[in-house]
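Structure assessment
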Amino acid sequence: QVRLVESGGGLVQAGGSLRLSCAASGTIFSFNTMGWYRQAPGKQRELVATITTGGSTTSADSVKGRFTISRDNAKNTVYLRMNSLKPEDTAVYYCIGRRNVRDYWGQGTQVTVSS
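The present account deals with the structure reproduced in this document.

A few points about the packing of aromatic side chains
The final tally for this structure, using the stated rule, is 5 aromatic pairs. Centroid distance Y37 to W105: 5.0 Å. Interplanar angle 45°. Geometry classified as tilted. Pair noted here: Y37 is in strand β4 (residues 33–39) and W105 is in strand β10 (residues 102–105), with a separation of 68 residues, a long-range link. When its relative accessible area of 35% is taken as the criterion, W105 is described as partly exposed. Among the aromatic residues, those joined into a cluster by ring pairs are F29, F31 and Y104.

So, in structure tokens, the structure goes:
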């Protein structure tokens with residue numbers, strides 16, 4: 001019923017930028033927290049950034065100063081602006097929405113940064 005659909009992934013050269021979007025559909029409720037995880041081949045899934053309804057954010061040290069998370073509460077949509085991309089940012093990026101204690105996940109979008 002509830003779907004989170006990511007978009008905006010693709011192939012970009014090192015130093016370039018991408019903007020990921022994640023739109024929720026099939027729900028009338030909002031997510032207390034939305035965010036992004038990523039998983040690179042052979043590595044564990046890691047938390048990239050989160051944002052609450054009130055606008056409080058967290059981000060991984062590896063992306064501070066380069067990635068910016070934002071959201072549109074009315075649209076249940078979260079964004080991730082990625083600047084100064086590095087090859088190590090290559091991963092599948094997953095959108096997450098959290099309402100109370102339940103998490104909802106998108107299917108992921110591939111981000112590939114070439115050197």
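As for the environment of V63
Its location among the elements puts V63 in the loop between β6 (57–59) and β7 (67–72). With a relative accessible area of 1%, V63 lands in the buried category. Once the C-alpha coordinates of V63 and R3 are considered, the two residues, 60 residues apart in sequence, prove to be 26 Å apart. Filtering out sequence-adjacent residues up to four positions away, V63 remains in contact with R38 and V48.

Side note on the environment of Q107
Checked against the element boundaries, Q107 lands in the loop between β10 and β11 (109–114). Sequence spacing of Q107 and F31 is 76 residues, and the spatial spacing of their C-alpha atoms is 17 Å.

Reading guide: rules and limits
Residues numbered from 1 in each chain as written. Predicted model: local features only at pLDDT ≥ 70, side-chain atom pairs only at ≥ 80, totals over all residues. Heavy atoms only, no water. Phe/Tyr/Trp six-rings, centres within 6.5 Å; stacked < 30°, edge-to-face > 60°. Helix = DSSP H or I, 4+ residues; strand = E, 2+ residues; numbered from the N terminus. Buried < 20%, exposed > 50% of the residue type's maximum accessible area, 1.4 Å probe, protein only. Contact = heavy atoms within 4.5 Å.

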